[in-house]
Amino acid sequence: VHFVSDDEGWAVGEDMAGSTGTILHYKDGSWSKVDPPSSYLDGKSYELRAVEFADASEGYAVGGNDKEAGAIILHYKDGQWSSVGEDLLAGHNLRGLDVLAATEIWTGGQNEGNVWGITNLSRPWGCFELFSDGSGFSPVNQPQLLKNVIRCDYHFFVPESGYVLGFFPTQTPNY
């Protein structure tokens, strides 16, 4: 959930009946459902996991599918949602997002969608992270030590300083 003012906000999740991402918009005291835009995931199940706005006119929502279908990035600009970055997203899954400004967007999750392949260690380097300066998303190189830490949440104070919460999926327990 992200509110852009006292009387306007957004929430994302999954429409379990339709097995697709769902977007809810709060405005002037009531919630309404907004249909997600068409994307390469049409006809496949997915959920939206994070939403955040730079200001009332521009924001992002991210998510994906745990069964290797792919990640999704939705961009809201001047009243319209659209799907972006699709060339980067097949087989991945996005879990966290921070929009510090329209030119400072971080998102991440895991490679290849399915956490089990990472916990079984049949697929190393489970982290997937993207950054956008407002002109498009690009993969972020990861330090060797962090390549299996699945990103779940982001919070930046300024472009050079922030926190990322994640976990290393081992058999038991997860770290």
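Above: the structure in question.
Residues numbered from 1 in each chain as written. Predicted model: local features only at pLDDT ≥ 70, side-chain atom pairs only at ≥ 80, totals over all residues. Heavy atoms only, no water.

Asker: Explanation requested: the environment of S19 in the structure shown.
Answerer: Note on placement: S19 falls in the loop between β2 (8-15) and β3 (20-27). Overall, the relative accessible area of 27% leaves S19 in the partly exposed class. Each C-alpha atom of the pair S19 and S45 lies 4.7 Å from the other, and the pair is 26 residues apart in sequence. Once residues lying within four places of it in the same chain are set aside, the contact partners of S19 are E14, K44, S45 and Y46. (Helix = DSSP H or I, 4+ residues; strand = E, 2+ residues; numbered from the N terminus. Buried < 20%, exposed > 50% of the residue type's maximum accessible area, 1.4 Å probe, protein only. Contact = heavy atoms within 4.5 Å.)

Asker: So what exactly am I meant to see when it comes to the sheet that holds β2 here?
Answerer: Backbone hydrogen bonds hold the strands of a sheet together, and the pairing may be parallel or antiparallel. Reading across the sheet, the four strands line up as β1-β2-β3-β4 and stay open at both edges, with antiparallel pairing between neighbours. Edge strands, defined here as strands with exactly one partner in the open sheet, are β1 (2-5) and β4 (30-34). Mean inter-strand twist for the sheet, computed between neighbouring axes without regard to direction, equals 25 degrees. Two strands pair when backbone bridges link them, and β3 and β4 are joined in this way by five bridges, in the antiparallel orientation. Each bridged residue has a counterpart across the sheet, and for I23 the counterpart in β4 is V34. (Pairing = 2+ DSSP bridges. Axes fitted to C-alpha atoms, helices over the stretch in contact; angles between N-to-C directions.)

Asker: When you look at the side chain of E58 in this model, what are you seeing that I'm missing?
Answerer: Position of E58 among the secondary structure elements: in strand β6 (residues 58-64). Overall, the relative accessible area of 10% leaves E58 in the buried class. For E58, the residues in contact, after removing those within four places along its chain, are F53, H75, Y76, K77 and A102.

Asker: Can you walk me through the pairing of strand β5 (residues 47-55) in this structure?
Answerer: The side chains of a regular strand alternate between both faces of the sheet. Judged from the seven bridges that link them, β5 and β6 form a sheet pairing that is antiparallel. Among the inter-strand pairings, E52 is bridged to a residue of β6, identified as Y60. In this structure, the hairpin formed by β5 and β6 is closed by a connection of two residues.

Asker: Please explain the packing of aromatic side chains as it appears in this structure.
Answerer: The final tally for this structure, using the stated rule, is 13 aromatic pairs. Both rings, one in W10 and one in F53, keep their centres 5.3 Å apart while their planes meet at 15 degrees; by these two values the pair is stacked. A residue pair is termed long-range when its members are at least 10 positions apart, and W10 in strand β2 and F53 in strand β5 qualify at 43 residues. Judged by its relative accessible area of 4%, F53 falls in the buried class. Between Y76 and W81, the ring centres sit 5.2 Å apart and the planes meet at 55 degrees, which makes this aromatic pair tilted. For Y76, a relative accessible area of 10% puts it in the buried group. For W81, a relative accessible area of 10% puts it in the buried group. One aromatic cluster is present, formed by W10, F53, Y76 and W81 through successive ring pairs. (Phe/Tyr/Trp six-rings, centres within 6.5 Å; stacked < 30°, edge-to-face > 60°.)

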